[in-house]
Amino acid sequence: MTNVDWKKVRAEFPILAQEVNGKPLIYMDSAASSQKPRAVIDAISRYYERDNANVHRGLHELSSRATDAFEGARAKLATYLGAASPDEIIFTRGTTEAINLVANTWGPQNLRSGDVILLTELEHHSNLVPWQMLAARTGATLRFVPLADDGTLAFTPALLDGVKLFAFTHISNSLGTITPAADFCRAAREQGAVTLVDGAQSVGHIPVDVRAMGCDFYAFSGHKMCAPTGSGGLYGRLELLRTIPPWHGGGEMIVSVTYERATYKQPPAKFEAGTPNIAGAVGLGAAVDYLEALERPAIFAHDSALTAHAIALLAEIPGVRVLGPTGARGALVAFHAEWAHPHDLTTYANEHGLALRGGHHCNQPLMRKLGYPGTTRASFYFYNTTAEVERMADILRGAHKFFDA
Ligand code: PLP
């Protein structure tokens, strides 16, 4: 691992050098959306200032530059995720759209009444609602891997009986649980089930190698990994992508069209109808370069140290219960404070320049299961510092005095 100067890295994020409510901004909501380094902002500006044109269609210089930048970003992503080929990367607006793509293409083609879709009790609404909609459409049923008391999943291979698809989160956005993705994928494969991994919280935080993981699909969002909103994608195993029908119809995904019918291109073009988010892909490519230079093991080590420190400090505040596993976990900590509602607590934090998130975190069934209306969550990235974690704890100690007076 390289020795990174995290202070210097932090200075590359212009947004962090500001005050909010007269206090230095402490941004601890990166699980919702990360901030962007100058390198990504500049790559997008440069694209619009020099290269902007539509891709794949013009024979002029700018179109060919835009196409190179767009396809270059796809190739970078393929390497970053350990895919066998850039053709396995489909650009989407993010994780939600990537999951809906699979639910609307592979889903109706492969599921029949009585088939089972296996999910987990940890899933974000993005990896739950599309499968509910697919189940209603096909007559398939949903089954859930139960949550164990320690915040991990109580998986047993028997849960895979009759399962056609196992879709699960890689890192829980509410509890920080890191699921044993390679083990789950192996067990599913042994039963002939297809796997989809929701990588929204892992893609920018831990090393990801889709082939070592053995998944069939991996969905991810650019905006959680230093890239712009509206960028992201789906990794799909090429043999599988070749067999499934397209989702959206339109320009660029066809080989030939008559008034009556059309033939489609090979993946990934088959799944990318219309003008794509070219600037988003350019920004995503720049974000991949940026994260690769920092090295993901170093990012994970830095984030893990911050998270462990935050957990230790929070646990000392009276009436605070820290949720989630005690072992290795994602770069976030959610907690319940018995003396304040999460919305009141996050409003109080905001007055001190601290950006936390309070609520159900798009995990309503999980919150119901945990017995809380919502939680308060601090989520970290490599630009956060130990001093910020300590300041967060100070602010929350102040909140305890304020609310519990
Ligand atoms: N899955 C998980 C685990 C998430 O945390 C999120 C966003 O918070 C999503 C899916 C949805 O991502 P997006 O809104 O970028 O599509």
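Along each chain, residue indices are assigned from 1 in the same order as the chain's sequence is written. Per-residue local features of the predicted model are confined to residues with pLDDT of at least 70, and side-chain atom pairs are confined, for both listing and counting, to 80 or more; whole-chain, interface and lining totals are unaffected and use all residues. Where side-chain values are given, they derive from all heavy atoms of the structure, hydrogens and water being excluded.

Brief notes about the nonpolar core
- The definition of a nonpolar core used throughout is a set of buried Ala, Val, Leu, Ile, Met, Phe, Trp, Tyr and Cys residues joined through side-chain atoms within 4.5 Å. Relative accessible area decides the class of each residue, using a 1.4 Å probe on protein chains only: under 20% of the type maximum gives buried, over 50% gives exposed, and in between gives partly exposed. If you look at the biggest cluster of nonpolar residues, it comprises 73 residues, and the most contacted ones within it are Leu-81, Tyr-218, Met-225, Leu-291 and Phe-382.
- At 11 residues, helix α10 (residues 278-294) tops the list of elements feeding residues into this core.
- What fixes the domain bounds is an automatic or database domain assignment. When we break this core down by domain, the ones giving at least three residues each are domain 1 (6-30 + 296-403) and domain 2 (41-293).
- Contacts of Leu-81, omitting those with residues within four sequence positions, involve Ile-89, Val-203, Val-208, Asp-209, Val-210, Tyr-218 and Phe-220.
- By size, the runner-up hydrophobic cluster in this structure holds 27 residues, among which are Ala-331, Leu-345, Ala-349 and Leu-356. Comment: elements are numbered from the N terminus, with helices defined as DSSP H or I runs of at least four residues and strands as E runs of at least two. Contacts: residue pairs with any heavy atoms within 4.5 Å of one another.

Description of the site of the ligand
- Around the ligand, the structure places Thr-95, Thr-96, His-124, Ser-126, Thr-169, Asn-173, Asp-198, Ala-200, Gln-201, Ser-221, His-223 and Lys-224.
- Each polar contact in these results corresponds to two N or O atoms within 3.5 Å; when the atoms are within protein, one needs to be able to donate a hydrogen and the other to accept it, and residues that are neighboring in sequence are counted only if both atoms are side-chain atoms. Separating a nitrogen atom of the ligand from a side-chain N or O atom of Asp-198 is a distance of 2.6 Å.
- Between His-223 and the ligand, the recorded distance is 2.7 Å, taken from a side-chain N or O atom to an oxygen atom.
- Each accessible area is a Shrake-Rupley result for a 1.4 Å probe, and residues are judged covered by the shown protein chains and nothing else. Computed on the free molecule, the ligand has an accessible area of 390 Å², of which 85% lies beneath the protein chains in the complex.
- Note on residue classes: Ala, Val, Leu, Ile, Met, Phe, Trp, Tyr, Cys and Pro are nonpolar, Asp, Glu, Lys and Arg are charged, and everything else, Gly too, is polar. Partitioning the shell around the ligand into residue classes produces one nonpolar, nine polar and two charged. For this description, a residue counts as near a given molecule or strand if any of its non-hydrogen atoms is within 4 Å of it.

Notes on the sheet that holds strand β5 (residues 116-120)
- Only strands joined by at least two bridges in the DSSP assignment are considered to pair. The strand order β4-β10-β9-β8-β7-β5-β6 describes an open sheet built from seven strands, whose pairing is mixed. Bordering the open sheet on either side are β4 (89-91) and β6 (141-145), each of which pairs with just one other strand. Taking the axes of each pair of neighbouring strands and ignoring which way they run, one obtains an average angle of 20° across the sheet.
- As judged from the three bridges shared by β5 and strand β7 (residues 163-169), these two strands associate in the parallel manner. Bridging across to β7, Ile-117 finds its partner in Leu-165. For helices, the fitted axis covers only the stretch in contact; all axes are lines through C-alpha atoms, and the angles between them, taken along N-to-C directions, range from 0 to 180 degrees.

Things to note about the sheet that holds strand β17 (residues 375-379)
- Overall, antiparallel pairing links the four strands, which are arranged β13-β14-β17-β16 in an open sheet. Either end of the sheet is taken by a strand with one partner, and the two such strands are β13 (320-322) and β16 (357-359). Adjacent strand axes in the sheet meet at a mean angle of 30°, parallel and antiparallel pairs treated alike.
- With three bridges connecting them, β16 and β17 associate as antiparallel partners. The residue of β17 that forms the bridge with Arg-357 is Arg-377.
- Along the sheet, helix α12 (residues 342-351) contacts β14 (332-337), β16 and β17; its crossing angle with β16, the most-contacted strand, is approximately 160°.

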